[in-house]
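Analysis of the macromolecular model
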Amino acid sequence: MSAAPRTIRFTLNGQPVSAQAAPHHTLVEILRDQFSLYGARESCGQGLCGCCTVVVNGEAVSGCLYLAWFADDARVTTVEHLASGDRLDTVQEAFLEAGAVQCGFCTPGFVLMTKQLLEHNPDPSDDDIRHHLSGNLCRCAAYPEIMAAVKLAAQKVRAA
Amino acid sequence: MAAKLMPAGQVGRSVARLEGRAKVTGRAEYVHNLRLPGMLWGKILRSTRPHARIVRIDAHAAQALAGVFRVVTIDDIRTVIPDPYYGPAFHDQPILADGKVRFAGEPVAVVLAEDRHVAEEALSLIEVTYEDLPAVYDEVEATGPGAIVHDRLKPAGTFPDLKHLDGKRDTNVALDFHLRRGDAEAGFAASAHIFEHKFRTQQTMHTPLEPFVTAAEAGGGAITIYTASQGPSFVRIEIARLLGWPENKVRVKVPYLGGGFGAKLYIKLEALVAALALIARRPVKISLTMEEQFFTITKHAATIHIKSGVAADGRILARRCEVWWNGGAYADVGPRVTQKSGFTAAGPYDIDNVWLDSYAVYTNRPPAGALRGFGVPQMCWAYESHTDLIARAMGLDPLEFRRRNILRNGRPQATGTVLRGAPIEAVLEMLGERMGWGRAYDRANGPKRRGRGIAIGFKASIAPTASVAMVNLYGDGSCGLYCGTVDMGQGLDTGLAQIVAEELNIAAEAVTVVHPDTDVTPYDMGTLGSRSIFHMGNAVRQAAGDVRAKVAALAAELGMPAGSNVPIAELLRRKYGMQAGNIIGFGSYMPSYVSPDHDTGQTPNVSPFWMTAGTGAEVEVDTETGHFRVLRLVNVADVGTPINPRIVATQLSGAAIMQLGFTVTEKMEFRDGQLTNGSLADYKIPGFFDLPDAMENEIVDSSQPDGPFGAKGVGESGTFGVSPAIANAIADAVGVRLTELPLTPEAVYRALCAAAGNPLAED
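Residues numbered from 1 in each chain as written. Chains lettered and ligands numbered in written order. Predicted model: local features only at pLDDT ≥ 70, side-chain atom pairs only at ≥ 80, totals over all residues.

Some remarks on the overall build of chain B
- In terms of regular secondary structure, chain B is built from 18 helices and 29 strands.
- For chain B, whose C-alpha radius of gyration is 27 Å, the value lies close to the compact-globule estimate of 27 Å for 763 residues.
- Across its three principal axes, chain B shows a C-alpha extent of roughly 85 × 75 × 50 Å.
- Sequence separation of at least 24 residues holds for 80% of the intrachain contacts in chain B that already meet a minimum separation of 6. (Helix = DSSP H or I, 4+ residues; strand = E, 2+ residues; numbered from the N terminus. Rg over C-alpha atoms; globule rule 2.2 N^0.38 Å. Contact = placed C-beta atoms within 7 Å.)

Remarks on the domain arrangement of chain B
Residue and element names in this part refer to chain B.
- Segmentation of chain B into domains returns domain 1 (20-29 + 465-589), domain 2 (35-135 + 216-288) and domain 3 (298-462 + 597-755).
- The gap between the C-alpha centroids of domain 1 and domain 3 is 37 Å.
- Each side of the interface is counted separately: domain 1 has 18 residues, and domain 3 has 20 residues.
- Elements with a minimum of two residues in the side of domain 1 that touches domain 3: α13 (492-504) and α14 (532-557). (Domains from an automatic or database assignment.)

Focus: the domain arrangement of chain A
All names here are of chain A.
- Along its sequence, chain A is organised into domain 1 (6-81) and domain 2 (90-159).
- Measuring from the centre of the C-alpha atoms in domain 1 to the corresponding centre in domain 2 gives 22 Å.
- Listed by partner, the interface residues are 11 residues for domain 1 and 11 residues for domain 2.
- Its residues assigned to classes, the side of domain 1 that touches domain 2 shows six nonpolar, four polar and one charged. (Nonpolar A, V, L, I, M, F, W, Y, C, P; charged D, E, K, R; others polar.)

Points about the environment of B:Phe709
All names here are of chain B.
- Take Phe709: it is sitting in the loop between β29 (694-699) and α17 (722-734).
- Given 23 C-beta atoms within a 10 Å radius, Phe709 is considered buried.
- In this structure the C-alpha to C-alpha distance between Phe709 and Met6, which are 703 residues apart in sequence, comes to 8.1 Å.
- Filtering out sequence-adjacent residues up to four positions away, Phe709 remains in contact with Met6, Val11, Ile499, Glu502, Thr641 and Ile643. (Buried ≥ 20, exposed ≤ 12 C-beta atoms within 10 Å, placed from the backbone.)

Description of the sheet that holds strand β1 (residues 40-46) of chain B
All names here are of chain B.
- Ordered by their spatial adjacency, seven strands build an open sheet running β3-β7-β1-β14-β11-β12-β13, and the pairing between neighbours is mixed. In this open sheet, the two strands that pair with only one neighbour each are β3 (68-72) and β13 (250-253). Between one strand and the next, the sheet's axes are offset by a mean angle of 20°, whatever the strand orientation.
- Sheet topology places β1 next to strand β7 (residues 107-113); six bridges connect them, and they run antiparallel. By the bridge assignment for β7, Gly42 is matched with Leu112.
- Most of the contacts of helix α7 (residues 270-280) go to strand β11 (residues 213-219), to which it runs at about 35°, and overall it touches β1, β3, β7, β11, β12 (222-227) and β14 (284-287). (Pairing = 2+ DSSP bridges. Axes fitted to C-alpha atoms, helices over the stretch in contact; angles between N-to-C directions.)

Considering the nonpolar core
Residues and elements named next belong to chain B.
- Of all hydrophobic cores here, the largest spans 304 residues; its most connected members are Val273, Val500, Val540 and Ile730.
- Of the residues forming this core, the biggest block, 11 residues, is contributed by helix α16 (residues 645-664).
- In this view, Ile730 contacts Gly451, Val619, Val621, Phe628, Val736, Leu738, Leu743 and Val748; residues no more than four positions away in its chain are not counted. (Core = buried A, V, L, I, M, F, W, Y, C linked by C-beta atoms within 7 Å.)

Things to note about the environment of B:Tyr474
Residues and elements named next belong to chain B.
- Here Tyr474 is to be found in the loop between β21 (467-473) and β22 (479-483).
- Separated by 223 residues in the primary sequence, Tyr474 and Asn697 place their C-alpha atoms 40 Å from one another.
- When near neighbours in sequence (up to four residues on either side) are disregarded, Tyr474 contacts Gly480 and Asn582.

Observations concerning the interface of chain A and chain B
- Counting residues at the interface gives 40 residues for chain A, matched by 45 residues for chain B.
- Grouping the amino acids of the side of chain A that touches chain B by side-chain chemistry returns 24 nonpolar, 11 polar and five charged.

Focus: the sheet that holds β22(B)
Residue and element names in this part refer to chain B.
- Within the open sheet, the four strands sit side by side as β23-β22-β21-β24. Their pairing is mixed. Strand pairing shows two members of the sheet lacking a second neighbour, β23 (511-514) and β24 (583-589), which therefore form its edges. Strand-to-strand twist in this sheet, taken as the mean axis angle between neighbours without regard to direction, amounts to 20°.
- Pairing of β21 with β22, which is carried by five bridges, proceeds in the antiparallel orientation. Bridging from a neighbouring strand, Leu473 pairs with Cys479 of β22.
- Sitting on the sheet, α14 is in contact with β21, β22 and β24, with an inclination near 145° to β24.

A look at unusual backbone geometry
- Between B:Ala463 and the following residue, B:Pro464, the backbone shows a cis peptide bond with an omega angle of -5°.
- Along the polypeptide, B:Pro464 turns up in the loop between β20 (448-460) and β21.
- Cis geometry is adopted by the peptide bond preceding B:Pro742, which originates at B:Leu741 and carries an omega value of -5°.
- Along the chain, B:Pro742 turns up in the loop between α17 and α18 (745-755).
- Despite not being glycine, A:Asn13 has its phi angle at roughly 50°, a positive value.
- By secondary structure assignment, the location of A:Asn13 is in the loop between β1 (6-12) and β2 (15-21).

Description of the packing of helix α10 (residues 376-393) of chain B against α17(B)
Residues and elements named next belong to chain B.
- Close contact between α10 and α17 brings their axes to 8 Å; oriented N to C, the two are set at 30°. On the basis of their axis angle, the class for α10 and α17 is roughly parallel. By crossing handedness, the relation of α10 to α17 is classed as right-handed. Contacts between α10 and α17 involve Pro377, Cys380, Trp381, Glu384, Ser385 and Asp388 from the first element and Ser723, Pro724, Ala727, Asn728 and Ala731 from the second.
- Looking at the contact of α10 with α17 residue by residue, the classes come out as six nonpolar, three polar and two charged. (Parallel < 35°, antiparallel > 145°, perpendicular 65-115°, else oblique. Left-handed = near helix turned anticlockwise from the far one by under 90°.)

Section: the packing of helix α3 (residues 107-120) of chain A against helix α5 (residues 143-159) of chain A
All names here are of chain A.
- Following both chains from N to C, one finds α3 and α5 inclined at 40°, their axes separated by 11 Å at the closest point. Classified by the interaxial angle, the pair formed by α3 and α5 is oblique. For α3 against α5, the interelement crossing comes out right-handed. Along its contact with α3, which presents Phe110, Thr114 and Leu118, the element α5 presents Ile146, Val150, Ala153, Ala154 and Val157.
- Of the residues in the contact of α3 with α5, the class split is seven nonpolar, one polar and no charged.

Re helix α2 (residues 90-97) of chain A
- Counting buried positions along α2(A) gives six out of eight residues, so the element sits mostly inside the fold.
- Those residues of α2(A) that fall on the buried side of the exposure criterion are A:Thr90, A:Val91, A:Gln92, A:Ala94, A:Phe95 and A:Leu96.
- Buried positions along α2(A) lie against α3 and α5 of chain A together with α1 (20-24) of chain B.
- In the segment just after α2(A), A:Gly99 is the residue with positive phi, at about 65°.

Quick look at the pairing of strand β2 (residues 52-58) of chain B
Residue and element names in this part refer to chain B.
- Sheet topology note: the β2/strand β6 (residues 100-101) ladder contains two bridges and is antiparallel. Each bridged residue has a counterpart across the sheet, and for Ala52 the counterpart in β6 is Val101.
- For β2 and strand β8 (residues 127-132), the ladder comprises six bridges, and the chain directions are antiparallel. The partner of Ile57 across the bridge, within β8, is Val128.

Okay, structure coming up:
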């Protein structure tokens, strides 16, 4: 690849960082290759499955399509940032309790999207949940359990 | 779903998945995460032709691109693997195309580079000159004269029933399986009614969200392969065979898998990546893209002819089935699918006169292998659609017609094997009850009509296969389970830990399950065919029992009175004088099996256990557009005694939803042998909006006598009846019968127009 990399600087999970990124590098590649963060992972490569979900400036993006240069100066949050130490985030707890995890490859994407949903809508209806999570795919098809997990998380968030 | 707790309270409990925490935090280990020092990335150049001779591969420009380490073709592979052909049933698949390509998408060459974008760019600089050969895509057409995919058949020698095919020429039939029971022709002659139908299923793909990925590093006369595989023991044995090395020089390590569903069995990328690491003398990793998965392994398209003779009282007297399996260009495990599902082609019915022919057929399509059900969903689609057609034609209630013909325990199945531990009747009755079958049903009158349908199916387990396990108590009494069974998302680590825990009277959460590593974990045939909880579960239970016996022996050796409850850490401390030592228990399990007779398919013992399941569906069909919605899907299964009820329920509903995708949206589309929808943008797998409005999972009260704590496999059962139940419900709603999958709105609308006497023009 001919295009030269340049240095980008951004806030990653609360820490200021810099990375070398060529114009064709995606955010998920940089996270994986330069920061050993594997929770956002490429699967379909077209932004259709949600496995590569990363939060940039508060918005969920498909990390497999999002060019790293666009993250310059941004706030980037990955699934690894949700738990603090051994204490899981409420959404992560709910996914565990509801048995909403099978192979786990899609799970970080669902967890991040659920977190986003509950920030805007603490009491989502079934239809709200379906709409919000329609861009995430689970081939193990734990959808009924994921639905239950989102509702459980909402309950926990409201109770807190 | 209620379950019985065993005395120690570990089996029958919905233990949360042991690895759940690692998965929700994004920190679970997958091969995807692995980086090896000095590693090269490989990218695969794939054939653009469905069937062609390779005249020339010009890699000069690619080799000259800055950053390219090396371009590799089959000639290079031969320098490390002289006979570079592999496969579980036939040694028919070359590690890279060998003078010929047999499907569009077949690997032809590999570029190695430190930067995978450089490797990808270099692919476009390789020029391959092809000379096209006639191609064949249809499984029935391929059995006639015309294009031949392989010059001669090369059975692997693993299976005795393939030996007679060795060296056979000028045929695309890789295996012909025949079953003859009673006298089918006499049965037809004695029948009051004859019914004959033809059904088809489409080629689909597993679509694990973690695409195939393998890395390897070699050195010092040994190789380590890190791979997303469902069968590490098979990979070790096959790579050792290809290299001519002993097994102890080939190490295969498998962390968690991001889904498998049968795709990640046998050899996929492993032989290629192992050869590349040996050629490059550096670690190599290949991660496929989603598109490339479609060119790696798929589910068989099939054509099924089925003919039944029925007496006036509704008893099925004879059945004849012919099944053609579209195996694509390489056999993979297709010949096993052909035989194992072939012998259940007549369905879970008690029929005295059965004639079955099942053919594994080579075509110029991507290879087909095992996919969640091992051919049974295709068979069930045919026999349960056929069953409904017969019932309706004879004016019999579909449930009552099934009840009259159902195969009951103690009666011989088509192979002659007497059915045991298969509560088919209980499944049918519970299905009827949950569907409220006896009650009046409102089909509605307007443009939207409702209907309901049921279907039942059964499956034999895979035989003969073995599992070996080891349970290790360390110096402080904590416990590790060592086994080669892969947790690909089905929850097996947790289930097996529960078995150990029940046997040792400890908490399942306290058991560590060691990931498959062939230098550490003992042999297992493979994580497939819903065999693991039964086969490995039995081996694990034995190993834990062995530990218990050894603990008791140690206590006796140390002079403790029998039954004294001294902690294991204390026993070891007394023996060694410090915290030291291990107590290691072993278990191995291989159920008995008798191979079916070559000419008649008859055997007294075809399967260690049977899986039985049924599906009920309610649909609403829009008669103006053909669109339909599944209002309700009821899954009923016999799982023996569930080890972990919640995981069982998740397996049942997950399997049903996956099969729903294969029923309504998923189909690999080809034009002139070229796949035209190899991406998730065009190949639609189920998402949140594709679920039935309501879904219920039920298990019947049952126990598998020789299963661990009464358990049996459950991973595939939820798939069996989904497709025919929905087709039967559509027929019930609007009176049209679809005989080809997928069941699309267009197909329904076309059928409605045809039924109204206004057929639409074809494309």
